[in-house]
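Observations on the model geometry
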Amino acid sequence: MQLQIDAHQVHLWHLYVPEQDDPADHHAVNHALMALLTPEEREKHGRFHFARDRRRYLMTRGLIRSLLSRYVPQVAPADWRFENNEYGRPRIADAPAQARHIRFNISHSASLVVTAVAAEREVGVDVEHTARNAPLEIAGHFFSPKEAQALQQLPAVQQPSRFWDLWTLKESYIKARGMGLSIPLDRFSFDLDGSGSEAIGFEHGLEGDSADRWQFWRMQPDDAHAVALCLERARDGREPRIVCLRATPLLASVEEFQGTVTRRSAGD
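Residues numbered from 1 in each chain as written. Predicted model: local features only at pLDDT ≥ 70, side-chain atom pairs only at ≥ 80, totals over all residues. Heavy atoms only, no water.

**Here we look at the overall build of the chain**
A count of helical and extended segments in the chain gives six helices and 13 strands. C-alpha atoms of the chain, sized along the principal axes, occupy 50 × 40 × 35 Å. For the chain, the accessible surface area stands at approximately 13300 Å², while carbon and sulfur atoms represent 48% of it. Averaging the coordinates of the 32 positive side-chain charges in the chain and doing the same for the 37 negative ones gives two points 3 Å apart. (Helix = DSSP H or I, 4+ residues; strand = E, 2+ residues; numbered from the N terminus. Areas by Shrake-Rupley, 256 points an atom, 1.4 Å probe, with all protein chains shown as cover. Lys, Arg positive; Asp, Glu negative; His and termini not counted. Charge placed at Lys NZ, Arg CZ, Asp CG, Glu CD.)

As structure tokens, this is what we get:
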């Protein structure tokens, strides 16, 4: 089934990676996924020491290939080719005309792969496993002074949640820009205390970009993960529709679900 997407939508795909392979379909699914990979991807897959890392890599590569072919069925999943920009962000190489409007970004935690797909607008996504302890000690190194101070002023019980809010939002922004950690994380700030308890304020201190260019959402797909989405604003100012989808490997099943938005850009 072909999927349609336009500039006023974002499709947010969620693929859960099991702790262990299911013996009932492990061989067939893995064989089908491996058939989609390039020789270079198969070599990288084999270099992972732990089975869980191999499983996540295989599912991630299979997911993006299968997804892209749902939007552009003229290209078979195994035929997609990718290249990295100068900062290491992957993109479609030699994109056919039917795929030139597609933008995508991938993030994964230990057990969840999230892929954001948009049209004609840059997009970035980050997912973090929040059931683990938040590394609060690094906030002073990676957050802006304003963010670090606001974090420290919160009651101790609220600090882990605020850390993940800030971390995922920052990651989603640098990924949408396609520049990764070449953008200093302390040179821009998110204000999560003003304009309402669910608002995201964005303060920019970087040359070559504008805070007004971007919209942000913080989402909660389950009790153990935090997701942040950064999207380039539409020229006509229309609010995008975010469609959350849960998928299994090879898109054997797809289920739309109501994503829980815990914060969004101030004024949206």
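Having seen it, we continue.
**Details of the sheet that holds strand β4 (residues 102-108)**
In spatial order, the strands read β4-β5-β1-β11-β12; together these five strands make up an open sheet with mixed pairing. Whereas interior strands pair on both sides, the edge strands pair on one side only; in this sheet they are β4 and β12 (254-257). The average undirected angle you get between the axes of adjacent strands in this sheet is 25°. Across the sheet, helix α3 (residues 51-71) lies against β1 (9-16), β4 and β5 (112-119), angled at about 25° from β5, the strand it touches most. (Pairing = 2+ DSSP bridges. Axes fitted to C-alpha atoms, helices over the stretch in contact; angles between N-to-C directions. Contact = heavy atoms within 4.5 Å.)

**Quick look at the environment of Thr-248**
Topologically, Thr-248 is positioned in the loop between β11 (241-247) and β12. Distance in space between the C-alpha atoms of Thr-248 and Gly-88 is 27 Å, their sequence separation being 160 residues. In this structure, Thr-248 is in contact with Leu-15 and Ser-253, ignoring residues within four places of it in sequence. Within the local environment of Thr-248, its side chain forms a polar contact with the backbone nitrogen of Ala-252, the two atoms lying 3.5 Å apart. (Polar contact = N/O pair within 3.5 Å; in protein donor to acceptor, adjacent residues only side chain to side chain.)

**Focus: the side chain of Gln-9**
Mapped onto the secondary structure, Gln-9 falls in strand β1. Of the residues examined, Gln-9 reaches a relative accessible area of 18% and is grouped as buried. A polar contact is formed between the side chain of Gln-9 and the side chain of His-11, at a distance of 3.4 Å. Setting aside its immediate chain neighbours within four residues, Gln-9 contacts Gln-4, Val-117, Ala-118 and Arg-241. (Buried < 20%, exposed > 50% of the residue type's maximum accessible area, 1.4 Å probe, protein only.)

**Description of the environment of His-8**
Structurally, His-8 is set in the segment before β1. For His-8, a relative accessible area of 17% corresponds to the buried category. When the C-alpha positions of His-8 and Arg-238 are compared, they lie 7.1 Å apart, and in sequence the two are 230 residues distant. Discounting residues that sit within four places of it in the chain, His-8 has contacts with Arg-121, Ala-234, Asp-236, Arg-238, Glu-239, Pro-240 and Arg-241. One polar contact links His-8 to Arg-238, side chain to side chain, over a distance of 3.4 Å.

**Notes on the packing of aromatic side chains**
Inspection of the entire model under this criterion finds 16 aromatic pairs. Relative to Trp-167, the ring of Phe-163 lies with its centre 5.9 Å away and its plane at 10°, an arrangement referred to as stacked. Of this pair, Phe-163 and Trp-167 both sit in helix α6 (residues 159-177), separated by four residues, roughly a single helical turn. Accessibility classification places Phe-163 together with Trp-167 in one group, the buried group. (Phe/Tyr/Trp six-rings, centres within 6.5 Å; stacked < 30°, edge-to-face > 60°.)

**Things to note about the pairing of strand β9 (residues 214-222)**
For β9, a buried count of eight out of nine residues is recorded, marking the element as mostly surrounded by other parts of the structure. Pairing geometry for β9 and strand β10 (residues 225-232), over seven bridges, is antiparallel. If you follow Trp-217 over to β10, its bridge partner there is Leu-229. Bridge count for β9 against strand β13 (residues 260-265) is four bridges, and the pairing is antiparallel.

Without other data, these values stay purely geometric and don't point to any function.
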